[in-house]
Each structure stands twice: as C-alpha cells, then as structure tokens.
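Secondary and tertiary structure notes
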Amino acid sequence: TGQYHLTAPNNGFALPNTGKLGFVGSYAGPSFTDVAVTADFVQPATGFAYGVMARADGNNAFNQLKGYGYVYEPLSAGGLGEVVLYKMVGATLADIGSQQVTLDLVNKDYTFSLQITGTQLHGQIFEIGGGMVAEKFAVDATYASGFSGVFGYSGEVATVPTDYTIDNFTARVPEPATGLLAAFALGATLIRRRRS
C-alpha cells in the first residue's frame, strides 16, 4: 500500500566471467506453494533487470537465493528490451521463457504479475491505465514453495545502476480457474436440487 525505492550500484560483487554485479530486492512471507505476485513498477526504472519473484527460498548468502522471477531486461534483444521468466540460482538466471517487448519506464508505469499454480508459471505485464503488453507461460517443477518479492540487478558494463520504485505489492493464493468455479457452481446446484 506504499511506494518503496530500491537501488544498487553497478560496481558491486565480482563474479567469475561476469564482472561486477549489484543486486537489490526484498521478499516477504508467508511461504506460498500456489501464489499470485503483483507489483507496480513506477517511473523511472533502470538497470540490467528488475521484476517480481516467487517461491524464493530466503537464502540471503551472497549469490545463493533460489526461486522464480518474471523480469524486464531493458538492454536485451539488441537494446529493444525483453521480458523473461527465470529460474534463479543467485546470479545464474536460467531463461525458461522470453518475449521481446519495449517498456517505456521513463513515461509510463507497469504492473508486473507472476502466478504459479503447481508446475504452471504465468507471467504478465500490464501498462497501468492501458492493456496487457507482455505475457509468457512456462512449466517447471524445480521450486515447490517459498517467499514472494521483487528484485533487480546491474553490472559494471551498464551505464546506470539498478534503481526502481515499486507500489501496490501483493502476494496471495491465486483464485481458482474459471472452469473450476463453474464446476463447483454446477455441483452446488445439483446438490440443492436433490435436497428439494
């Protein structure tokens, strides 16, 4: 219900073969198995990557945090930008689904959403006051449950640090699918008819 500003330098910890990286993020409990995570990223936002995460294991040791992320990379795709579903192990980010999209985080705000039900991952980005601008699906069973939050990272080859502001962060159990709700309603109707 409030805005939070997170920033990290682009000359942080040195990692082999990647140069120096800076990281910043935050996660909160409780631990969820099925979860819907959303956060508004408000202008401006800069860095190598930033987005929402789910099923994070809470390991704060350097380069050890594991979980899933749905992240915008403004410098990818030849500078056009890309949204990526990640399986994360510290700074090792395994792409499990990506889409080229250019977000205007200088002039517009966006809602990032990551919903996980069982092994089904569903990422979406909406322009606030507009429509959906990105969507990606993936299937993965690596992480079964964990914490939800936001994260970002930067590197020394970037000209700007990771610097972003979020608003309206939520993590909750996702609503049942429409088909499941319809089945429950039909079942309740049949039970009611039998009792009449």
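As a reminder, the structure under discussion sits directly above these lines.
Because the structure is predicted, anything quoted here is derived from the model rather than measured. (Residues numbered from 1 in each chain as written. Predicted model: local features only at pLDDT ≥ 70, side-chain atom pairs only at ≥ 80, totals over all residues. Heavy atoms only, no water.)

A look at the environment of Q100
Basically, it comes down to this: Helix numbering and strand numbering both begin at the N terminus, where a helix is a DSSP run of H or I of at least 4 residues and a strand a DSSP run of E of at least 2. For each residue, the accessible area found with a 1.4 Å probe, counting protein chains only, is set against the maximum for its type, and the residue is called buried under 20%, exposed over 50%, and partly exposed in between. A contact between two residues is defined here by any heavy atoms of the two lying within 4.5 Å. We call two N or O atoms a polar contact when they sit within 3.5 Å, provided that within protein one can donate a hydrogen and the other can accept it, with sequence-adjacent residues counted only if both atoms are side-chain atoms.
Within the secondary structure layout, Q100 lies in strand β8 (residues 92-100). Judged by its relative accessible area of 43%, Q100 falls in the partly exposed class. When the C-alpha positions of Q100 and V84 are compared, they lie 8.7 Å apart, and in sequence the two are 16 residues distant. Filtering out sequence-adjacent residues up to four positions away, Q100 remains in contact with A77, L80, G81 and E82. A distance of 3.3 Å separates the side chain of Q100 from the backbone oxygen of G81, its partner in a polar contact.

As for the layout of surface pockets
Note the cut-off: Of the grid points, spaced at 1 Å and generated over the protein atoms alone, those admitting a 1.4 Å probe that cannot get out make up cavities, while open sets with protein on both sides within 12 Å along at least five of seven lines make up pockets; any residue with an atom within 4 Å of a point is treated as lining. Grid points are joined across faces, edges and corners, and a volume is the space filled by probe spheres set on the points.
Estimated volume of the largest pocket: approximately 490 Å³. F23, V24, G25, N63 and L65 are, among the 27 residues lining the largest pocket, the residues nearest its centre. Mapped by element, the contributors of at least two residues to the lining of the largest pocket are β3 (19-32) and β12 (146-155). A total of seven residues in the lining of the largest pocket trace back to one element, the largest contributor, which is β3.

Things to note about the pattern of salt bridges
Pairing is possible between side chains that carry opposite charge, provided their charged atoms lie close to one another. So the rule is basically this: Any Lys or Arg side-chain nitrogen located within 4 Å of an Asp or Glu carboxyl oxygen qualifies as a salt bridge.
Enumeration according to the criterion identifies three salt bridges in this entry. For R55, the salt bridge identified is with D34, shortest N-O distance 3.7 Å. Highlighted residues: R55 in strand β5 (residues 49-56) and D34 in the loop between β3 and β4 (35-46), separated in sequence by 21 residues.

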